[in-house]
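# Observations on chain architecture
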Amino acid sequence: MSVRFFNSLTRAREPFVPLEEGRARMYACGPTVYNFAHIGNFRTFVFVDVLRRHLKWRGYKLLHVMNLTDVDDKIIRDARAAGLPLREFTEKYVRHFWEDADALGIERPEVAPRATDHIPEMVELIGRLLRCGCAYHSDGSTYFRIASFPRYGALSGDKLAGNVAGASERVEADEYEKDDARDFVLWKRTQPGEPTWDSTLGPGRPGWHIECSAMAMKYLGESFDIHCGGVDLMFPHHENEIAQSEGATGRPFAKYWLHAEHLLVNGRKMSKREGNYYTLRDLLERGYSARAVRYVLAAVPYRKPLNFTLEGVEAAERRLKRLNETVRRLREAQTVAGTTADDVTTITQLRAAFGAALDDDLNTAEALAAVAQLETTVNVALTRGALAESFKTAALAAFDDAQATLGILDPPEEALLDAAIEALIAARLEARKAKDFARADAIRAQLAGQGIVLEDGKDGTRWRRA
Ligand code: AMP
Ligand code: ZN
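Residues numbered from 1 in each chain as written. Chains lettered and ligands numbered in written order. Predicted model: local features only at pLDDT ≥ 70, side-chain atom pairs only at ≥ 80, totals over all residues. Heavy atoms only, no water.

### Quick notes on the coordination of the zinc ion (ligand 2)
Protein coordination at the zinc ion (ligand 2): the donors are C29 (SG), C212 (SG), H237 (NE2) and E241 (OE), at 2.0 to 2.6 Å from the metal. Coordination at the zinc ion (ligand 2) is irregular: its four donor atoms span angles of 76 to 131 degrees at the metal. (Donors = N, O, S within 2.8 Å, 3.2 Å for Na, K, Ca; no water. Tetrahedral: all angles 85-135°; square planar, octahedral: opposite > 155°, others 65-115°.)

### Some details on the pairing of strand β2 (residues 12–15)
Where strand β1 (residues 4–7) meets β2, four bridges bridge the pair, whose relative direction is antiparallel. By the bridge assignment for β2, N7 is matched with A12. (Pairing = 2+ DSSP bridges. Helix = DSSP H or I, 4+ residues; strand = E, 2+ residues; numbered from the N terminus.)

### Concerning the sheet that holds strand β11 (residues 263–265)
Strand order in the open sheet made by the three strands is β12-β11-β13, with mixed pairing throughout. In this open sheet, the two strands that pair with only one neighbour each are β12 (268–269) and β13 (306–307). Direction of pairing for β11 relative to β13: parallel, over a ladder of two bridges. Within the sheet, the bridge partner assigned to L264 lies in β13 and is N307.

### A look at the environment of I106
For I106, the location among the structural elements is in the loop between α3 (86–103) and α4 (119–131). Those residues within four positions of I106 in sequence are excluded, and the remaining contacts are F42, F45, V46, D49, A101 and R294. (Contact = heavy atoms within 4.5 Å.)

### As for the domain arrangement of the protein chain
Examined at the domain level, the protein chain breaks down into domain 1 (17–135 + 212–264), domain 2 (321–405) and domain 3 (418–465). If you average the C-alpha positions of domain 2 and of domain 3, the two centres end up 32 Å apart. (Domains from an automatic or database assignment.)

### Quick word on the pattern of salt bridges
Tallied over the full model, the rule gives 43 salt bridges. Between D49 and R53 there is a salt bridge; the shortest N-O distance is 2.8 Å. Placement of the pair is D49 and R53 together in helix α1 (residues 39–57), with a separation of four residues, close to one helical turn. Each of the two residues, D49 as well as R53, counts as buried. Measuring nitrogen to oxygen at the nearest pair gives 3.5 Å for the salt bridge that ties R182 to D180. A relative accessible area of 36% places R182 in the partly exposed class. Residue D180 is classed as partly exposed on the basis of its relative accessible area of 25%. (Salt bridge = Lys/Arg side-chain N within 4 Å of Asp/Glu carboxyl O. Buried < 20%, exposed > 50% of the residue type's maximum accessible area, 1.4 Å probe, protein only.)

### A look at the environment of C212
Relative to the elements of secondary structure, C212 occurs in helix α6 (residues 208–220). For C212, a relative accessible area of 1% translates into the label buried.

Now the structure itself:
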(Lines give C-alpha, C1' and ligand atoms only; values in the text may rest on other atoms or scores of the structure.)
(Ligands and ions follow the chains in the order given, each with its own letter.)
Protein backbone atom coordinates (compact mmCIF):
# COMPACT_ATOMS: atom_id res chain seq x y z
CA MET A 1 0.00 0.00 0.00
CA SER A 2 1.33 3.39 -0.88
CA VAL A 3 0.92 6.84 0.59
CA ARG A 4 -2.07 8.62 -0.97
CA PHE A 5 -3.04 12.26 -0.85
CA PHE A 6 -6.03 14.27 -1.88
CA ASN A 7 -4.56 16.57 -4.50
CA SER A 8 -6.41 19.91 -4.63
CA LEU A 9 -5.13 20.40 -8.18
CA THR A 10 -6.80 17.28 -9.60
CA ARG A 11 -9.51 17.09 -6.89
CA ALA A 12 -8.73 13.40 -6.54
CA ARG A 13 -7.05 11.06 -4.11
CA GLU A 14 -3.83 9.95 -5.78
CA PRO A 15 -0.92 7.67 -4.91
CA PHE A 16 2.14 9.68 -3.98
CA VAL A 17 4.71 9.16 -6.73
CA PRO A 18 7.58 11.61 -6.21
CA LEU A 19 9.46 13.08 -9.16
CA GLU A 20 12.59 11.33 -7.93
CA GLU A 21 12.22 7.88 -6.41
CA GLY A 22 12.68 7.77 -2.65
CA ARG A 23 12.86 11.55 -2.24
CA ALA A 24 10.12 13.95 -1.23
CA ARG A 25 10.56 17.66 -1.87
CA MET A 26 7.93 19.85 -0.29
CA TYR A 27 7.18 23.50 0.28
CA ALA A 28 4.88 24.90 2.96
CA CYS A 29 3.82 28.54 3.16
CA GLY A 30 5.11 29.79 6.50
CA PRO A 31 3.99 32.43 9.00
CA THR A 32 3.74 36.17 8.49
CA VAL A 33 5.88 37.34 11.39
CA TYR A 34 4.17 40.45 12.75
CA ASN A 35 2.64 38.96 15.90
CA PHE A 36 2.37 35.67 17.77
CA ALA A 37 0.99 32.91 15.58
CA HIS A 38 -2.41 31.71 16.85
CA ILE A 39 -3.35 28.08 17.21
CA GLY A 40 -5.35 28.28 13.97
CA ASN A 41 -2.06 28.92 12.19
CA PHE A 42 -0.60 26.05 14.17
CA ARG A 43 -3.33 23.70 13.01
CA THR A 44 -1.85 24.09 9.54
CA PHE A 45 1.73 23.80 10.80
CA VAL A 46 0.92 20.67 12.84
CA PHE A 47 -0.66 19.16 9.72
CA VAL A 48 2.52 19.94 7.75
CA ASP A 49 4.53 18.39 10.58
CA VAL A 50 2.51 15.16 10.54
CA LEU A 51 2.93 15.09 6.76
CA ARG A 52 6.71 15.46 7.00
CA ARG A 53 7.01 12.95 9.84
CA HIS A 54 4.91 10.39 7.99
CA LEU A 55 6.91 10.72 4.77
CA LYS A 56 10.15 10.28 6.72
CA TRP A 57 8.71 7.32 8.60
CA ARG A 58 7.79 5.72 5.26
CA GLY A 59 11.43 6.03 4.29
CA TYR A 60 11.43 9.08 2.01
CA LYS A 61 14.47 11.30 2.07
CA LEU A 62 12.87 14.62 2.81
CA LEU A 63 13.66 18.17 1.77
CA HIS A 64 11.09 20.48 3.32
CA VAL A 65 11.21 24.25 2.85
CA MET A 66 9.05 26.73 4.76
CA ASN A 67 9.36 30.46 4.19
CA LEU A 68 9.03 33.23 6.74
CA THR A 69 7.11 36.20 5.35
CA ASP A 70 9.00 39.09 6.90
CA VAL A 71 7.82 41.95 4.69
CA ASP A 72 4.20 42.83 3.91
CA ASP A 73 1.65 45.56 4.60
CA LYS A 74 0.76 44.43 8.12
CA ILE A 75 4.38 43.95 9.14
CA ILE A 76 5.32 47.40 7.82
CA ARG A 77 2.33 48.96 9.61
CA ASP A 78 3.10 47.32 12.95
CA ALA A 79 6.89 47.82 12.78
CA ARG A 80 6.25 51.51 12.20
CA ALA A 81 3.83 51.64 15.15
CA ALA A 82 6.48 49.95 17.32
CA GLY A 83 9.10 52.43 16.06
CA LEU A 84 11.42 49.60 15.05
CA PRO A 85 13.33 48.80 11.86
CA LEU A 86 11.65 45.96 9.95
CA ARG A 87 14.29 43.34 10.71
CA GLU A 88 14.42 44.09 14.41
CA PHE A 89 10.63 43.96 14.61
CA THR A 90 10.25 40.65 12.74
CA GLU A 91 13.22 39.05 14.55
CA LYS A 92 11.24 38.93 17.77
CA TYR A 93 8.26 37.18 16.17
CA VAL A 94 10.47 34.75 14.27
CA ARG A 95 11.97 33.77 17.63
CA HIS A 96 8.55 33.40 19.23
CA PHE A 97 7.31 31.35 16.29
CA TRP A 98 10.11 28.82 16.71
CA GLU A 99 9.65 28.72 20.48
CA ASP A 100 5.97 27.85 20.02
CA ALA A 101 6.70 25.41 17.20
CA ASP A 102 9.31 23.65 19.37
CA ALA A 103 6.87 23.46 22.30
CA LEU A 104 4.30 21.87 19.97
CA GLY A 105 6.83 19.25 18.89
CA ILE A 106 6.92 20.60 15.33
CA GLU A 107 10.10 19.46 13.62
CA ARG A 108 12.14 22.17 11.94
CA PRO A 109 12.03 22.15 8.14
CA GLU A 110 15.36 21.53 6.44
CA VAL A 111 15.33 25.10 5.11
CA ALA A 112 13.42 28.10 6.52
CA PRO A 113 14.29 31.06 4.31
CA ARG A 114 13.25 34.63 5.04
CA ALA A 115 11.72 36.69 2.24
CA THR A 116 13.96 39.72 2.80
CA ASP A 117 17.05 37.53 2.36
CA HIS A 118 15.86 36.59 -1.15
CA ILE A 119 15.14 39.90 -2.86
CA PRO A 120 17.67 39.27 -5.72
CA GLU A 121 16.03 35.89 -6.48
CA MET A 122 12.60 37.55 -6.64
CA VAL A 123 13.87 40.36 -8.88
CA GLU A 124 15.48 37.79 -11.14
CA LEU A 125 12.23 35.83 -11.44
CA ILE A 126 10.23 38.98 -12.17
CA GLY A 127 12.83 39.78 -14.86
CA ARG A 128 12.10 36.42 -16.50
CA LEU A 129 8.37 37.16 -16.39
CA LEU A 130 8.91 40.55 -18.03
CA ARG A 131 11.01 38.96 -20.77
CA CYS A 132 8.36 36.38 -21.62
CA GLY A 133 5.54 38.92 -21.63
CA CYS A 134 3.88 37.60 -18.49
CA ALA A 135 4.52 40.83 -16.58
CA TYR A 136 4.44 44.58 -17.21
CA HIS A 137 5.54 47.79 -15.53
CA SER A 138 2.98 50.39 -14.59
CA ASP A 139 3.61 53.57 -12.67
CA GLY A 140 6.79 52.27 -10.97
CA SER A 141 5.32 48.90 -9.99
CA THR A 142 5.39 45.57 -11.84
CA TYR A 143 2.32 43.35 -12.32
CA PHE A 144 1.67 39.82 -13.46
CA ARG A 145 -0.51 39.65 -16.56
CA ILE A 146 -3.16 37.00 -15.87
CA ALA A 147 -4.21 37.00 -19.54
CA SER A 148 -0.76 35.54 -20.37
CA PHE A 149 -1.55 32.39 -18.39
CA PRO A 150 -4.63 30.61 -19.77
CA ARG A 151 -4.53 27.91 -17.09
CA TYR A 152 -5.11 30.52 -14.39
CA GLY A 153 -7.77 29.23 -11.99
CA ALA A 154 -6.98 25.52 -12.42
CA LEU A 155 -6.36 25.06 -8.70
CA SER A 156 -9.23 26.98 -7.18
CA GLY A 157 -11.68 26.22 -10.00
CA ASP A 158 -15.19 27.54 -9.52
CA LYS A 159 -14.25 29.04 -6.15
CA LEU A 160 -12.35 31.57 -8.21
CA ALA A 161 -15.34 33.36 -9.65
CA GLY A 162 -16.59 34.39 -6.24
CA ASN A 163 -13.18 35.48 -5.14
CA VAL A 164 -12.06 37.66 -7.99
CA ALA A 165 -14.12 40.54 -6.70
CA GLY A 166 -11.69 40.79 -3.79
CA ALA A 167 -12.89 38.49 -1.06
CA SER A 168 -9.27 37.93 -0.07
CA GLU A 169 -7.90 40.24 2.56
CA ARG A 170 -4.66 40.45 0.65
CA VAL A 171 -5.95 41.62 -2.72
CA GLU A 172 -4.06 44.73 -3.74
CA ALA A 173 -5.76 48.09 -3.43
CA ASP A 174 -4.15 49.91 -6.36
CA GLU A 175 -6.57 48.59 -9.00
CA TYR A 176 -6.44 51.53 -11.39
CA GLU A 177 -2.78 50.96 -12.38
CA LYS A 178 -3.49 47.50 -13.74
CA ASP A 179 -4.39 46.44 -17.27
CA ASP A 180 -6.87 43.94 -15.85
CA ALA A 181 -8.43 43.91 -12.40
CA ARG A 182 -7.26 40.31 -11.88
CA ASP A 183 -3.58 41.18 -12.40
CA PHE A 184 -1.55 41.16 -9.21
CA VAL A 185 1.50 43.03 -8.06
CA LEU A 186 4.95 41.45 -8.26
CA TRP A 187 6.97 44.50 -7.26
CA LYS A 188 5.54 47.57 -5.50
CA ARG A 189 7.12 50.95 -6.07
CA THR A 190 8.51 52.70 -2.99
CA GLN A 191 5.99 54.40 -0.73
CA PRO A 192 7.07 57.14 1.65
CA GLY A 193 8.27 55.69 4.95
CA GLU A 194 8.26 52.10 3.71
CA PRO A 195 11.29 49.81 3.52
CA THR A 196 12.68 49.76 0.02
CA TRP A 197 15.20 47.87 -2.08
CA ASP A 198 17.02 49.16 -5.13
CA SER A 199 16.63 46.89 -8.11
CA THR A 200 16.53 46.76 -11.88
CA LEU A 201 12.74 47.04 -11.47
CA GLY A 202 13.17 50.41 -9.77
CA PRO A 203 13.15 51.08 -6.03
CA GLY A 204 10.45 49.18 -4.19
CA ARG A 205 9.58 45.99 -2.39
CA PRO A 206 8.28 42.59 -3.44
CA GLY A 207 4.60 41.62 -3.49
CA TRP A 208 3.66 38.73 -1.27
CA HIS A 209 3.13 35.95 -3.83
CA ILE A 210 6.47 36.17 -5.63
CA GLU A 211 8.47 35.30 -2.51
CA CYS A 212 7.13 31.75 -2.36
CA SER A 213 7.81 31.04 -6.05
CA ALA A 214 11.35 32.42 -5.81
CA MET A 215 12.26 30.58 -2.62
CA ALA A 216 10.55 27.30 -3.54
CA MET A 217 12.39 27.19 -6.88
CA LYS A 218 15.71 28.18 -5.33
CA TYR A 219 15.73 25.35 -2.82
CA LEU A 220 13.54 22.69 -4.47
CA GLY A 221 14.04 23.25 -8.20
CA GLU A 222 11.57 24.44 -10.81
CA SER A 223 9.39 21.34 -10.31
CA PHE A 224 8.93 19.58 -6.99
CA ASP A 225 6.54 17.20 -5.26
CA ILE A 226 4.29 18.76 -2.63
CA HIS A 227 3.07 22.27 -1.90
CA CYS A 228 0.91 22.86 1.15
CA GLY A 229 -0.72 25.48 3.34
CA GLY A 230 -4.07 26.48 4.81
CA VAL A 231 -7.11 26.40 2.56
CA ASP A 232 -7.41 30.20 2.64
CA LEU A 233 -4.17 30.37 0.64
CA MET A 234 -5.56 28.42 -2.31
CA PHE A 235 -6.87 31.61 -3.86
CA PRO A 236 -5.30 33.92 -4.76
CA HIS A 237 -1.92 33.05 -3.23
CA HIS A 238 -1.35 29.53 -4.56
CA GLU A 239 -3.06 30.27 -7.84
CA ASN A 240 -0.67 33.19 -8.29
CA GLU A 241 2.33 31.10 -7.30
CA ILE A 242 1.45 28.62 -10.05
CA ALA A 243 0.95 31.36 -12.64
CA GLN A 244 4.25 33.10 -11.85
CA SER A 245 6.31 29.94 -11.62
CA GLU A 246 4.89 28.08 -14.60
CA GLY A 247 4.68 31.30 -16.61
CA ALA A 248 8.43 31.79 -16.12
CA THR A 249 9.65 28.20 -16.49
CA GLY A 250 7.06 26.60 -18.77
CA ARG A 251 7.20 23.56 -16.47
CA PRO A 252 4.79 22.22 -13.87
CA PHE A 253 5.47 23.81 -10.47
CA ALA A 254 4.25 21.48 -7.68
CA LYS A 255 2.75 18.06 -8.44
CA TYR A 256 0.56 17.67 -5.32
CA TRP A 257 -1.25 20.52 -3.58
CA LEU A 258 -2.45 19.81 -0.03
CA HIS A 259 -4.66 22.22 1.90
CA ALA A 260 -5.60 22.14 5.57
CA GLU A 261 -9.11 23.18 6.53
CA HIS A 262 -9.53 25.84 9.15
CA LEU A 263 -9.57 25.75 12.89
CA LEU A 264 -12.91 27.25 13.86
CA VAL A 265 -14.33 28.87 16.97
CA ASN A 266 -18.12 28.60 17.17
CA GLY A 267 -18.22 27.85 13.47
CA ARG A 268 -16.04 30.82 12.41
CA LYS A 269 -12.44 30.76 11.23
CA MET A 270 -10.02 31.55 14.03
CA SER A 271 -8.27 34.74 12.93
CA LYS A 272 -6.51 37.82 14.22
CA ARG A 273 -9.02 39.99 12.42
CA GLU A 274 -12.01 38.41 14.19
CA GLY A 275 -10.18 38.52 17.52
CA ASN A 276 -11.47 35.00 18.29
CA TYR A 277 -8.06 33.47 18.76
CA TYR A 278 -5.77 31.89 21.32
CA THR A 279 -2.02 31.83 21.03
CA LEU A 280 -0.20 28.82 22.42
CA ARG A 281 0.99 31.02 25.29
CA ASP A 282 -2.61 31.90 26.21
CA LEU A 283 -3.32 28.21 26.62
CA LEU A 284 -0.12 27.44 28.53
CA GLU A 285 -0.97 30.25 30.92
CA ARG A 286 -4.31 28.60 31.56
CA GLY A 287 -2.41 25.51 32.66
CA TYR A 288 -2.82 23.37 29.52
CA SER A 289 0.14 21.48 28.11
CA ALA A 290 1.52 22.07 24.64
CA ARG A 291 1.21 18.36 23.97
CA ALA A 292 -2.53 18.38 24.62
CA VAL A 293 -2.86 21.32 22.21
CA ARG A 294 -0.89 19.37 19.62
CA TYR A 295 -3.18 16.39 20.18
CA VAL A 296 -6.28 18.53 19.60
CA LEU A 297 -4.81 20.02 16.42
CA ALA A 298 -3.63 16.68 15.04
CA ALA A 299 -6.55 14.46 16.00
CA VAL A 300 -9.01 15.65 13.35
CA PRO A 301 -7.93 14.78 9.77
CA TYR A 302 -6.58 17.88 8.08
CA ARG A 303 -9.29 18.15 5.42
CA LYS A 304 -12.05 18.43 8.01
CA PRO A 305 -12.76 21.73 9.74
CA LEU A 306 -11.92 21.52 13.44
CA ASN A 307 -13.99 23.34 16.03
CA PHE A 308 -11.78 24.44 18.89
CA THR A 309 -12.98 24.37 22.51
CA LEU A 310 -11.19 24.45 25.85
CA GLU A 311 -13.17 21.34 26.81
CA GLY A 312 -11.51 19.63 23.85
CA VAL A 313 -8.07 20.47 25.27
CA GLU A 314 -9.12 19.23 28.71
CA ALA A 315 -10.30 15.94 27.20
CA ALA A 316 -6.99 15.65 25.32
CA GLU A 317 -5.12 16.27 28.56
CA ARG A 318 -6.96 13.37 30.24
CA ARG A 319 -6.56 11.15 27.19
CA LEU A 320 -2.81 11.71 27.01
CA LYS A 321 -2.36 11.16 30.72
CA ARG A 322 -3.93 7.71 30.46
CA LEU A 323 -2.01 6.87 27.30
CA ASN A 324 1.35 7.95 28.71
CA GLU A 325 0.65 6.03 31.90
CA THR A 326 0.04 2.86 29.86
CA VAL A 327 3.28 3.34 27.92
CA ARG A 328 5.22 4.00 31.14
CA ARG A 329 3.84 0.87 32.82
CA LEU A 330 4.65 -1.15 29.71
CA ARG A 331 8.24 0.15 29.68
CA GLU A 332 8.69 -0.74 33.33
CA ALA A 333 6.91 -4.10 33.17
CA GLN A 334 8.90 -7.23 33.94
CA THR A 335 8.69 -9.93 31.32
CA VAL A 336 8.51 -13.64 31.87
CA ALA A 337 10.69 -15.96 29.84
CA GLY A 338 9.06 -18.84 28.06
CA THR A 339 5.52 -17.48 27.91
CA THR A 340 3.68 -17.48 24.63
CA ALA A 341 2.04 -14.33 23.39
CA ASP A 342 -1.08 -14.69 21.29
CA ASP A 343 -1.60 -10.94 21.48
CA VAL A 344 1.46 -10.24 19.34
CA THR A 345 -0.67 -10.87 16.26
CA THR A 346 -3.18 -8.28 17.46
CA ILE A 347 -0.36 -5.76 17.95
CA THR A 348 1.01 -6.47 14.47
CA GLN A 349 -2.45 -5.94 12.97
CA LEU A 350 -2.93 -2.69 14.87
CA ARG A 351 0.48 -1.42 13.74
CA ALA A 352 -0.47 -2.15 10.15
CA ALA A 353 -3.84 -0.43 10.60
CA PHE A 354 -2.12 2.61 12.09
CA GLY A 355 0.28 2.95 9.15
CA ALA A 356 -2.49 2.35 6.61
CA ALA A 357 -4.63 5.09 8.19
CA LEU A 358 -1.85 7.66 7.82
CA ASP A 359 -1.09 6.45 4.29
CA ASP A 360 -4.70 7.22 3.48
CA ASP A 361 -4.36 11.02 3.15
CA LEU A 362 -3.15 11.27 6.78
CA ASN A 363 -6.26 9.96 8.45
CA THR A 364 -5.14 10.82 11.97
CA ALA A 365 -8.54 9.97 13.50
CA GLU A 366 -8.29 6.37 12.27
CA ALA A 367 -4.66 6.22 13.32
CA LEU A 368 -5.57 7.35 16.84
CA ALA A 369 -8.37 4.77 16.94
CA ALA A 370 -5.68 2.12 16.32
CA VAL A 371 -3.60 3.64 19.13
CA ALA A 372 -6.62 3.43 21.47
CA GLN A 373 -7.08 -0.26 20.63
CA LEU A 374 -3.39 -0.82 21.21
CA GLU A 375 -3.69 0.84 24.59
CA THR A 376 -6.60 -1.43 25.57
CA THR A 377 -4.72 -4.54 24.45
CA VAL A 378 -1.66 -3.49 26.44
CA ASN A 379 -3.69 -2.67 29.55
CA VAL A 380 -5.39 -6.07 29.44
CA ALA A 381 -1.99 -7.74 29.14
CA LEU A 382 -0.52 -5.66 31.99
CA THR A 383 -3.43 -6.53 34.26
CA ARG A 384 -3.10 -10.21 33.42
CA GLY A 385 0.64 -10.08 34.19
CA ALA A 386 3.27 -12.55 32.99
CA LEU A 387 4.10 -10.42 29.97
CA ALA A 388 5.98 -12.11 27.14
CA GLU A 389 9.11 -10.34 25.93
CA SER A 390 7.88 -10.56 22.32
CA PHE A 391 4.65 -8.81 23.33
CA LYS A 392 6.45 -6.01 25.13
CA THR A 393 8.85 -5.46 22.22
CA ALA A 394 6.04 -5.42 19.64
CA ALA A 395 3.85 -3.08 21.69
CA LEU A 396 6.69 -0.64 22.39
CA ALA A 397 7.55 -0.61 18.68
CA ALA A 398 3.91 0.22 17.89
CA PHE A 399 3.97 3.14 20.34
CA ASP A 400 7.26 4.26 18.76
CA ASP A 401 5.48 4.43 15.39
CA ALA A 402 2.79 6.63 16.91
CA GLN A 403 5.42 8.86 18.45
CA ALA A 404 7.48 9.16 15.24
CA THR A 405 4.51 10.27 13.17
CA LEU A 406 2.05 11.97 15.53
CA GLY A 407 4.49 13.12 18.22
CA ILE A 408 1.93 13.08 21.02
CA LEU A 409 3.57 10.89 23.66
CA ASP A 410 5.87 12.03 26.44
CA PRO A 411 9.50 11.28 25.66
CA PRO A 412 10.65 8.38 27.93
CA GLU A 413 12.80 10.61 30.21
CA GLU A 414 9.94 13.03 30.68
CA ALA A 415 7.48 10.22 31.39
CA LEU A 416 9.67 8.96 34.24
CA LEU A 417 10.05 12.49 35.49
CA ASP A 418 6.28 12.98 35.42
CA ALA A 419 5.84 9.90 37.62
CA ALA A 420 8.45 11.25 40.06
CA ILE A 421 6.72 14.66 40.15
CA GLU A 422 3.38 13.07 40.88
CA ALA A 423 4.91 10.99 43.66
CA LEU A 424 6.28 14.19 45.25
CA ILE A 425 2.87 15.89 44.93
CA ALA A 426 1.27 12.91 46.68
CA ALA A 427 3.92 13.12 49.45
CA ARG A 428 3.17 16.83 49.86
CA LEU A 429 -0.54 16.08 50.22
CA GLU A 430 0.23 13.51 52.89
CA ALA A 431 2.44 16.04 54.69
CA ARG A 432 -0.37 18.61 54.63
CA LYS A 433 -2.88 16.11 55.93
CA ALA A 434 -0.45 15.37 58.78
CA LYS A 435 -0.14 19.16 59.35
CA ASP A 436 3.59 18.93 58.55
CA PHE A 437 3.54 22.22 56.66
CA ALA A 438 7.31 22.65 56.75
CA ARG A 439 7.71 19.43 54.75
CA ALA A 440 4.86 20.37 52.38
CA ASP A 441 6.52 23.73 51.69
CA ALA A 442 9.90 22.08 51.23
CA ILE A 443 8.44 19.78 48.58
CA ARG A 444 6.81 22.73 46.79
CA ALA A 445 10.18 24.56 46.85
CA GLN A 446 12.00 21.47 45.58
CA LEU A 447 9.60 21.20 42.63
CA ALA A 448 9.81 24.93 41.95
CA GLY A 449 13.58 24.49 41.75
CA GLN A 450 13.00 21.99 38.91
CA GLY A 451 10.73 24.45 37.13
CA ILE A 452 7.48 22.75 38.22
CA VAL A 453 4.64 25.02 39.26
CA LEU A 454 1.86 23.70 41.53
CA GLU A 455 -1.67 25.04 41.52
CA ASP A 456 -3.92 23.95 44.37
CA GLY A 457 -7.59 23.93 43.46
CA LYS A 458 -10.75 22.40 44.79
CA ASP A 459 -10.21 19.34 42.57
CA GLY A 460 -6.70 18.72 43.93
CA THR A 461 -3.28 19.90 42.84
CA ARG A 462 -2.47 20.53 39.18
CA TRP A 463 1.09 20.99 37.98
CA ARG A 464 2.81 22.32 34.92
CA ARG A 465 6.27 23.07 33.69
CA ALA A 466 7.05 26.78 34.08
P1 AMP B 1 -0.18 33.67 8.01
O2 AMP B 1 0.74 33.83 9.20
O3 AMP B 1 -1.39 34.51 8.10
O4 AMP B 1 0.56 33.83 6.71
O5 AMP B 1 -0.73 32.17 8.05
C6 AMP B 1 0.09 31.06 8.27
C7 AMP B 1 -0.66 29.78 7.94
O8 AMP B 1 -1.76 29.60 8.83
C9 AMP B 1 -1.24 29.73 6.53
O10 AMP B 1 -0.98 28.45 5.95
C11 AMP B 1 -2.74 29.93 6.75
O12 AMP B 1 -3.50 29.32 5.75
C13 AMP B 1 -2.92 29.23 8.07
N14 AMP B 1 -4.13 29.62 8.83
C15 AMP B 1 -4.56 30.87 9.15
N16 AMP B 1 -5.70 30.83 9.89
C17 AMP B 1 -6.01 29.51 10.06
C18 AMP B 1 -7.06 28.79 10.74
N19 AMP B 1 -8.01 29.41 11.42
N20 AMP B 1 -7.03 27.45 10.68
C21 AMP B 1 -6.06 26.78 10.01
N22 AMP B 1 -5.03 27.40 9.36
C23 AMP B 1 -4.99 28.74 9.38
ZN1 ZN C 1 3.23 30.89 -0.13
